[in-house]
Amino acid sequence: MPRHARTHSHSRPNHAGIHLLRDPAVSARMVRSSGAGPGDLVVELGAGLGALTVPLAATGARVIAVERDPRFVAKLQRRFDGVGEVRVVEADARTVMLPRRPYAVVANIPYAISTALLRRLLDPETTSISRADLLVEWGFAKRMTDPNPRDLEVAWWQARFELSIAGRVRPGSFRPAPSVDSAHLVVRRRTSVTRAQTRLARRLLQDAYRSPRRPAREVLGAHVPKKRAHRLLTSTGIDPPAAAGTIPVTTWLTLAGELSADAAGAGRTARARGA
Ligand SMILES: C[S@@+](CC[C@H](N)C(=O)[O-])C[C@H]1O[C@@H](n2cnc3c(N)ncnc32)[C@H](O)[C@@H]1O
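Just so it is clear, the structure is predicted and the values come from calculations on it, not from any experiment.

Draft legend 1. Representation of the side chain of S128. Looking at the secondary structure, you find S128 in the loop between helix 4 (114–122) and strand 6 (129–137). In terms of polar contacts, S128 uses its side chain to reach the backbone carbonyl oxygen of R100, at 2.5 Å. Every residue in contact with S128, bar those within four places of it in the chain, is listed here: P99, R100, R101, P102, Y103 and R189.

Below, the structure written as structure tokens:
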């Protein structure tokens, strides 16, 4: 049963996914991991009573605390009245306006909307998010960090962001306690990936996910001459006849890097000839 549906201590359904953090060590770890500090902008989605908002504000970062439940919002507003770093926003995390300038997210998110939130944060090619530290269901975190994810959507997120699990969080760290373990999911933008590489990676991933049984050499061979495809695959440790669906996202990313270097080299040669 999903974590948000029921809890150990409550037999009533918990549709709003309210599991307030009661372990300050978990909040401290999340905030430390985020690296938040003066000059940073942090968005917290689902702020509850402020278990993360308080240590976030203490870093000196500017915090936008988004919460949908008006009762929590009223308490948050009282708690942070006069605290310049914190702006409490009553809104739905799925539709609230997100910053244009680079920002981080630190949040114990409502688990029922984990996919919707990651889609919002990570999907747009132009998203300004630089990093996120999230508490999510353990199983969800495992799916997000699988090097060979089931869905193209997750592969696309992984192509631009590193997703990893920093630790397991036990049900007792929350009130009410959920029925399953949670994970501290860490998301970091891959800063060394160029826009051209990202675009090529997207095309390679689309091809690979459309025909996962097709040999990798054919998927890559649609973009470069066959011999080059063969060489590139063997140099990255991939057997050219291997099924495209068995190749990890990071390998497609490396291959996309090689293709974009080829394209840049070809452009330089053409310009030199024209000069
Ligand atoms: C898991 S609790 C975390 C609360 C707090 N951050 C903490 O760690 O104690 C999730 C919070 O998200 C709020 N929430 C649920 N759905 C929401 C939505 N669509 N938009 C914004 N907040 C939402 C709930 O009211 C709840 O306060």
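Draft legend 2. Fine view of the sheet that holds strand 3 (residues 62–67). The strand order across the open sheet formed by seven strands is 4-3-2-5-6-9-7, and the pairing between neighbours is mixed. Of all strands in the sheet, those with a lone pairing partner are strand 4 (86–90) and strand 7 (161–169), marking the two edges. Within this sheet the neighbouring strands show an average axis-to-axis angle of 20 degrees, counted without direction. Relative to strand 9 (residues 182–189), strand 6 runs antiparallel, the two sharing seven bridges. When the sheet's bridge partners are listed, D133 is paired in strand 9 with V186. The sheet contacts of helix 6 (residues 152–160) involve strand 7 and strand 9, and relative to strand 7 the element is tilted by about 100 degrees.

Draft legend 3. Quick look at the site of the ligand. Taken together, 22 residues are adjacent to the ligand, and L21, G46, E67, A93 and N108 come closest. Here a nitrogen atom of the ligand and a side-chain polar atom of E44 are 3.4 Å apart. Between an oxygen atom of the ligand and a side-chain N or O atom of N108, the distance comes to 2.9 Å. Bound to the protein, the ligand loses 98% of the 590 Å² it would expose on its own. Tallied by class, residues from the shell around the ligand come to 11 nonpolar, five polar and six charged.

Draft legend 4. Geometry of the confidence of the model for the protein chain. Per-residue confidence for the protein chain averages 92 on the pLDDT scale, and 93% of its residues sit at or above 70. Per-residue pLDDT stays below 50 along residues 1–11; that stretch engages in 38 contacts with residues further than four places along the chain or on separate chains. Across the predicted assembly, pTM comes out at 0.92 and ipTM at 0.99.

Draft legend 5. Up close: the pattern of salt bridges. Applying the stated rule across the entire model yields 12 salt bridges. In this structure, R71 engages D69 in a salt bridge whose closest nitrogen and oxygen atoms are separated by 2.8 Å. We classify R71 as exposed; its relative accessible area is 61%. Judged by relative accessible area, D69 falls into the buried class, the value being 15%. As a salt-bridge pair, D181 and R168 come within 2.7 Å of each other at their nearest N and O atoms. Of the two residues, D181 is situated in the loop between strand 8 (174–175) and strand 9 and R168 in strand 7; the sequence distance between them amounts to 13 residues. With a relative accessible area of 39%, R168 lands in the partly exposed category. Within this structure, R68, D92 and R94 form a network of salt bridges that share partners.

Draft legend 6. How the structure looks around the packing of helix 4 against helix 6. Close contact between helix 4 and helix 6 brings their axes to 11 Å; oriented N to C, the two are set at 45 degrees. Relative to helix 6, the element helix 4 is oriented oblique. Judged by the twist between their axes, the crossing of helix 4 over helix 6 is left-handed. Note on element contacts: helix 6 touches helix 4 through E153, W157 and R160, opposite T115, L118, R119 and L122. Here the residues of the contact of helix 4 with helix 6 are counted per class, giving three nonpolar, one polar and three charged.

About the cut-offs
Within each chain, residue numbers correspond to sequence positions counted from 1 in written order. The predicted origin of the model limits local features to residues at a pLDDT of at least 70 and limits the giving and counting of side-chain atom pairs to 80 or more, whereas totals for whole chains, interfaces and linings rest on all residues. Here the side-chain values reflect all heavy atoms present in the structure, with hydrogen atoms and water set aside. Here a helix means four or more residues in a row that DSSP labels H or I, a strand means two or more in a row labelled E, and each is numbered from the N terminus. What qualifies as a polar contact is a pair of N or O atoms within 3.5 Å, subject to a donor-acceptor requirement within protein and to the restriction that residues adjacent in sequence count only when both atoms come from side chains. Residues count as neighbours in contact if any of their non-hydrogen atoms are within 4.5 Å of one another. DSSP-based pairing: two strands are paired if at least 2 bridges between them are found. Here an axis means a line fitted to C-alpha atoms, over the contact stretch when the element is a helix, while the angle between two N-to-C directions is reported on a 0 to 180 degree scale. A molecule or strand has a residue near it when one of that residue's heavy atoms lies within 4 Å. Residue burial considers only the protein chains on display, and all accessible areas are found by Shrake-Rupley using a 1.4 Å probe. Three classes are used: nonpolar for Ala, Val, Leu, Ile, Met, Phe, Trp, Tyr, Cys and Pro, charged for Asp, Glu, Lys and Arg, and polar for all others, with Gly counted as polar. Confidence of the predictor at the level of single residues is given by pLDDT, which spans 0 to 100. We define a salt bridge as a contact between a side-chain nitrogen of Lys or Arg and a carboxyl oxygen of Asp or Glu at a distance within 4 Å. A simple rule labels every residue: compare its accessible area, found with a 1.4 Å probe on the protein chains alone, to the largest value its type can have, and call it buried under 20%, exposed over 50%, or partly exposed in between. We call two directions roughly parallel when the angle between them is under 35 degrees, roughly antiparallel when it is over 145, roughly perpendicular when it lies between 65 and 115, and oblique otherwise. Note on convention: near helix rotated counterclockwise from far helix by under a right angle means a left-handed crossing. Clockwise means right-handed.

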